[in-house]
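# Observations on chain architecture
In case you want the letters, here they are:
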Amino acid sequence: MPKMVHRSKTRPVRVGDLVIGGNNEVIIQSMTTTKTHDVEATVAEILRLEEAGCQIVRVACPEERDALALAEIKSRINIPLVVDIHFNYKLALMAIEAGVDKIRINPGNIGRREKVEAVVTAAKAKNIPIRIGVNAGSLEKHILEKYGYPTARGMVESALHHIKILEDLDFHDIIVSLKASDVQLALEAYQLASESFDYPLHVGITESGPLRTGSLKSAAGLGAILSRGIGNTVRVSLSADPVEEVKVAKEVLKSFGLAANAATLISCPTCGRIEIDLMAIAAEIEDYIDKIQVNIKVAVLGCAVNGPGEAREADIGIAGARNEGLLFRHGEIIRKVPEATMVEELKKEIDAIVLEKEAE
Ligand code: SF4
């Protein structure tokens, strides 16, 4: 699929069987909401995330019992596992020993140099990267004092401070995030970061809110950042089921032509020419194509007046007509189907196109 813009040049960094950065696709991440030591609940949530299209998952690790659960969680899931650790180097060492694929820890917050060295040596030995997570809400005191309040420059300065600690230990498998809940601040920080270093960027708008408002804010922020060619992996942060985070991230990537393996729905806004129950049909088809991992476009249109022509780029579509539907491929009507069976017919055509594309 053509990429909307040339992506900023970044260093490729391996995370499990994926590579973040370089010329690789933008990877979708999410984070579990369960207590990590509750292995059953955590694995069940991760499997749901995988099914939704999540490619990397992160779990929190605030306590030793969480670290002790990591090996079993890792053995029961199919996507790379990232562990989020604050300050505690012992937990970081336990996580690395458990075989996780990446850790998120800020080296400047670990403490004494020996502790930082121990974590870096362990990460190097297992060949796993470290994500530095700068957050506008928790910038270091000296940076806040210098700038007075969180600024993009301050956030990048914080990132460079942590990066330098790792580079001084000859560690370069680094991924960086610079999250803010303010969209403009995040945009400026990611822009400045992409001009300041070439480590891959994990992009997100943090604490963006519940499902509707958070999705919109994330889409606005991620969209602005991705449209500049910045961002190698994304996470949408919602106060909602994390499966929704994955769905929103997928839609944002699709909007920019950055999701190679996903189906897109085109549906009309309806008007007085409508001939079918379009809203119900569009919702049903949206659900149906949700898990398809092939690049196809499906259209659902209220009438045939402007319908097929308006959705010429669709691989398959249906336009309403009086008591029937018109199935069309790339703008050309292929056959008429009765209204009662048109949704089933459309699903069959979708399945056939998916098989065709998979065989290509
Ligand atoms: Fe109206 Fe038909 Fe266009 Fe839908 S496809 S908005 S019903 S003219």
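The structure displayed is predicted, hence computed values, not measured ones. (Residues numbered from 1 in each chain as written. Predicted model: local features only at pLDDT ≥ 70, side-chain atom pairs only at ≥ 80, totals over all residues.)

Turning our eyes to something else, we now look at the overall build of the protein chain. Looking only at helices and strands, the protein chain features twelve helices and 15 strands. Here the C-alpha atoms of the protein chain give a radius of gyration of 23 Å, agreeing with the 21 Å that 2.2 N^0.38 yields for 360 residues. Viewed in the frame of its principal axes, the protein chain has a C-alpha envelope of about 75 × 45 × 35 Å. The 360 residues of the protein chain split such that 48% are buried. (Helix = DSSP H or I, 4+ residues; strand = E, 2+ residues; numbered from the N terminus. Rg over C-alpha atoms; globule rule 2.2 N^0.38 Å. Buried ≥ 20, exposed ≤ 12 C-beta atoms within 10 Å, placed from the backbone.)

Further remarks concern the pairing of strand E15 (residues 332–338). Alignment of strand E14 (residues 324–329) against E15, held across six bridges, turns out to be antiparallel. Each bridged residue has a counterpart across the sheet, and for phenylalanine 328 the counterpart in E15 is isoleucine 333. Between the antiparallel neighbours E14 and E15 lie two residues, among them histidine 330 with a positive phi of about 45 degrees. (Pairing = 2+ DSSP bridges.)

Before going further, it helps to spend a moment on the sheet that holds strand E8 (residues 174–179). With parallel pairing, the eight strands of this closed barrel are ordered in space as E3-E4-E5-E6-E7-E8-E9-E10. Strand-to-strand, the axes of this sheet are offset by a mean angle of 25 degrees, without reference to chain direction. Running at roughly 160 degrees to strand E3 (residues 27–31), helix H9 (residues 242–255) makes contact with E3 and strand E10 (233–235) of the sheet. (Axes fitted to C-alpha atoms, helices over the stretch in contact; angles between N-to-C directions. Contact = placed C-beta atoms within 7 Å.)

For the rest of this paragraph, the subject is the domain arrangement of the protein chain. What the domain assignment reports for the protein chain is domain 1 (13–255) and domain 2 (264–359). Inter-centroid distance (C-alpha atoms) of domain 1 to domain 2 is 38 Å. (Domains from an automatic or database assignment.)

Residues of strand E5 (residues 81–84) alternate between two faces, with Leu81 and Val83 on one and Val82 and Asp84 on the opposite face, all of them buried. Traced from strand E4 (residues 56–60) through helix H2 (residues 64–76) to E5, the parallel crossover comes out right-handed. With three bridges connecting them, E5 and strand E6 (residues 102–104) associate as parallel partners. Following the sheet pairing, valine 82 is matched in E6 by lysine 102. With respect to chirality, the unit in which E5 leads through helix H3 (residues 89–97) into the neighbouring parallel E6 is right-handed. (Right-handed = clockwise from strand over helix to strand, strands pointing away.)

Under the 1.5 Å per step criterion, the end-to-end length of helix H10 (residues 278–289) is 16 Å for twelve residues, consistent within 8% with the ideal 16 Å. What H10 keeps buried is the set Leu278, Ile281, Ala282 and Ile285. Buried positions in H10, seen along its axis, are confined to an arc of 100 degrees and lie on one side of it. With respect to the buried face of H10, the exposed residues turned more than 90 degrees away are Ala280 and Asp287. (Expected span 1.5 Å × (residues − 1). Arc of directions from axis to C-beta.)

With that settled, consider the sheet that holds E15. Strand order across the open sheet formed by five strands is E11-E12-E13-E14-E15, with mixed pairing between neighbours. Looking at strand neighbours, the two that pair on one side only are strand E11 (264–267) and E15, the edges of this open sheet. For this sheet, the mean angle separating the axes of adjacent strands, direction not counted, is 20 degrees. Here helix H12 (residues 342–359) sits on the sheet and contacts strand E12 (297–301), strand E13 (316–321), E14 and E15; the angle it forms with E13, its principal contact strand, is near 165 degrees.

On average, residues of the protein chain carry a pLDDT of 93, and 97% of them reach 70 or more. Across the assembled chains, the prediction reports ipTM 0.99 with pTM 0.90. (pLDDT = per-residue confidence, 0-100.)

Moving on, we come to the UniProt feature "binding site: [4Fe-4S] cluster" (unreviewed entry) in the protein chain. This chain's UniProt record puts "binding site: [4Fe-4S] cluster" (unreviewed entry) on Cys268, Cys271, Cys303 and Glu310. Within the secondary structure layout, cysteine 268 lies in the loop between E11 and H10. Tracing the backbone shows cysteine 303 in the loop between E12 and helix H11 (307–310). Apart from residues lying up to four places away in sequence, cysteine 303 is in contact with Arg273, Ile274, Glu275, Ala319 and Gly320. (UniProt positions renumbered as here; feature names shortened; annotations may be inferred.)

Counting residues in each nonpolar core, the largest one holds 108 residues, and the members touching the most others are Val83, Ala95, Val100, Ile103, Leu178, Ala189 and Tyr190. Two domains each donate at least three residues to this core, and these are domain 1 (13–255) and domain 2 (264–359). Not counting residues up to four positions away in its chain, the partners in contact with valine 83 are Val59, Cys61, Leu70, Ala95, Val100 and Ile103. (Core = buried A, V, L, I, M, F, W, Y, C linked by C-beta atoms within 7 Å.)

For the rest of this paragraph, the subject is the packing of helix H8 (residues 211–227) against H9. One can describe the packing of H8 onto H9 by two numbers: an axis separation of 10 Å at closest approach and a directional angle of 35 degrees. Our pair here, H8 against H9, has a crossing hand that is right-handed. In contact with Leu211, Ser215, Ser218, Ala219, Leu222 and Gly223 of H8, H9 contributes Glu244, Val248, Val252 and Ser255. A per-class count over the contact of H8 with H9 returns five nonpolar, four polar and one charged. (Left-handed = near helix turned anticlockwise from the far one by under 90°. Nonpolar A, V, L, I, M, F, W, Y, C, P; charged D, E, K, R; others polar.)

Quick look at helix H4 (residues 113–126) now. A rise of 1.5 Å per residue sets the reference length of H4, with its 14 residues, at 20 Å; its end C-alpha atoms lie 20 Å apart and thus fit the reference within 8%. Restricting attention to buried positions, one finds in H4 the residues Val116, Val119, Val120 and Ala123. With its buried residues spanning 95 degrees around the axis, H4 presents them on a single face. Facing away from the buried side of H4, by more than 90 degrees, are the exposed residues Glu114 and Ala125. Tucked into the core, H4 has its buried residues touching H3, E6, strand E7 (130–135) and helix H6 (152–168).

Looking at the element boundaries, isoleucine 56 is found in strand E4. Residue classification places isoleucine 56 among the buried residues on the basis of 23 C-beta atoms within 10 Å. Expressed as a C-alpha distance, the spacing of isoleucine 56 and isoleucine 46, which sit ten residues apart in the sequence, is 9.5 Å. Not counting residues up to four positions away in its chain, the partners in contact with isoleucine 56 are Val15, Leu18, Ile27, Gln29, Ile79, Pro80, Val82 and Thr233.

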